[in-house]
Amino acid sequence: MTGPIPTALRAVREQRPDAGIACFQEWHGITHLYEHDALDICQDTRSPEETMEAAIAHFIDYRPDIMFMQLDHLDEAGHASGYDTPAYLEAVERLDLVINQLIRLLDKTRLFASTHVLVISDHGGTGQRHGGDSDAEVYVPWILAGPKAKRGFEIPGGVSIADTAPTALHALGLTLPTAWPGRCATAPI
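Residues numbered from 1 in each chain as written. Predicted model: local features only at pLDDT ≥ 70, side-chain atom pairs only at ≥ 80, totals over all residues. Heavy atoms only, no water.

1. Details of the nonpolar core
Within the largest apolar cluster, 14 residues are counted, with the highest numbers of intra-cluster contacts made by Leu 9, Val 12, Ile 21, Tyr 34, Leu 39 and Leu 169. Per element, the largest residue contribution to this core is four residues, and it comes from helix 1 (residues 8-15). Not counting chain neighbours up to four residues away, the residues in contact with Leu 39 comprise Leu 9, Arg 13, Ile 21, Cys 23 and Tyr 34. By size, the runner-up hydrophobic cluster in this structure holds ten residues, among which are Met 52, Val 98, Leu 102 and Leu 105. (Core = buried A, V, L, I, M, F, W, Y, C linked by side-chain atoms within 4.5 Å. Buried < 20%, exposed > 50% of the residue type's maximum accessible area, 1.4 Å probe, protein only. Helix = DSSP H or I, 4+ residues; strand = E, 2+ residues; numbered from the N terminus. Contact = heavy atoms within 4.5 Å.)

Now the structure itself:
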């Protein structure tokens, strides 16, 4: 474990030792944020398309209980061209197409009715930077779809990035670690 507070991946492994847990990451710097021994597979990739291709192949072959995908090209576009620029919005469209591949697979295999998909950004930005406390930097999309999600529901009072792991564990029917700062956004599920 990397610290005293377990990640969602560690919490799943501890509560369901036989669970399939997979990670596919485009930004290799994220690896210090979770415990690798909790994973069955952790694969570095070079593009959002390669990330999704590897994740889909693994999903088809193994049907993991939880799969984490980190897609980084949007962050790169924000730093290179600026957030909310034509190049950045083009990267958003590219990301939408990549995520749609997973949605189509879940529809085709009829697994969407039993699978939750959570899409979240870790931050926004202004200009070519992030890290401040402006609305453009701290408010991000937090989109949940799946069998327990209410369509078109807006969570009263908003949701924090810290609420992501508690909500995911709740959707899996698992117990939340008491040390976690977030809460389960129970209203949408």
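After that view of the structure, there is still more to cover.
2. Focus: the packing of helix 3 (residues 73-81) against helix 4 (residues 86-108)
When two helices pack together, their arrangement is given by the angle between their axes and by how far apart the axes lie. Between helix 3 and helix 4, whose axes approach to 9 Å, the crossing angle comes to 175°. By the angle class used here, helix 3 and helix 4 are roughly antiparallel. When helix 3 is examined against helix 4, the residues His 73, Leu 74, Ala 77, Gly 78 and Ser 81 are found in contact with a partner set consisting of Ala 87, Tyr 88, Ala 91, Val 92, Arg 94 and Leu 95. Grouping the amino acids of the contact of helix 3 with helix 4 by side-chain chemistry returns seven nonpolar, three polar and one charged. (Axes fitted to C-alpha atoms, helices over the stretch in contact; angles between N-to-C directions. Parallel < 35°, antiparallel > 145°, perpendicular 65-115°, else oblique. Nonpolar A, V, L, I, M, F, W, Y, C, P; charged D, E, K, R; others polar.)

3. Regarding helix 4
In this model, helix 4 (23 residues) spans 33 Å end to end at C-alpha, consistent with the 33 Å of a helix rising 1.5 Å per residue. Considered for burial, the residues of helix 4 that qualify are Tyr 88, Ala 91, Leu 95, Val 98, Ile 99, Leu 102, Leu 105 and Leu 106. For helix 4, the elements touching its buried residues are helix 2 (48-62), strand 3 (66-70), helix 3 and strand 4 (117-120). Backbone geometry just downstream of helix 4 places Arg 110 in the positive-phi region, at approximately 60°. (Expected span 1.5 Å × (residues − 1).)

4. Describing the side chain of Glu 137
Here Glu 137 lies in helix 5 (residues 135-138). Buried and unpaired, Glu 137 has no salt bridge, with Arg 129 as the nearest side chain of opposite charge at 6.6 Å. Of the polar contacts made by the side chain of Glu 137, one reaches the backbone nitrogen of Gly 132; its length is 2.6 Å. Looking at Glu 137, its side chain comes within polar contact range of the side chain of Ser 134, at 2.6 Å. If we skip the residues at most four places from it in the chain, Glu 137 touches His 123, Gly 124, Gly 125, Thr 126, Arg 129, His 130, Gly 131 and Gly 132. (Lys, Arg positive; Asp, Glu negative; His and termini not counted. Salt bridge = Lys/Arg side-chain N within 4 Å of Asp/Glu carboxyl O. Polar contact = N/O pair within 3.5 Å; in protein donor to acceptor, adjacent residues only side chain to side chain.)

5. Describing unusual backbone geometry
Backbone phi values are negative for most residues with the exception of glycine, while trans is the configuration of most peptide bonds. The phi torsion at Arg 63 lies on the positive side, around 45°, for a residue other than glycine. Exposure remark for Arg 63: the relative accessible area of 41% places this residue in the partly exposed category. Positioned with a positive phi, Asp 84 is a non-glycine residue whose angle comes to about 65°. Note on Asp 84: relative accessible area 61%, which makes it exposed.

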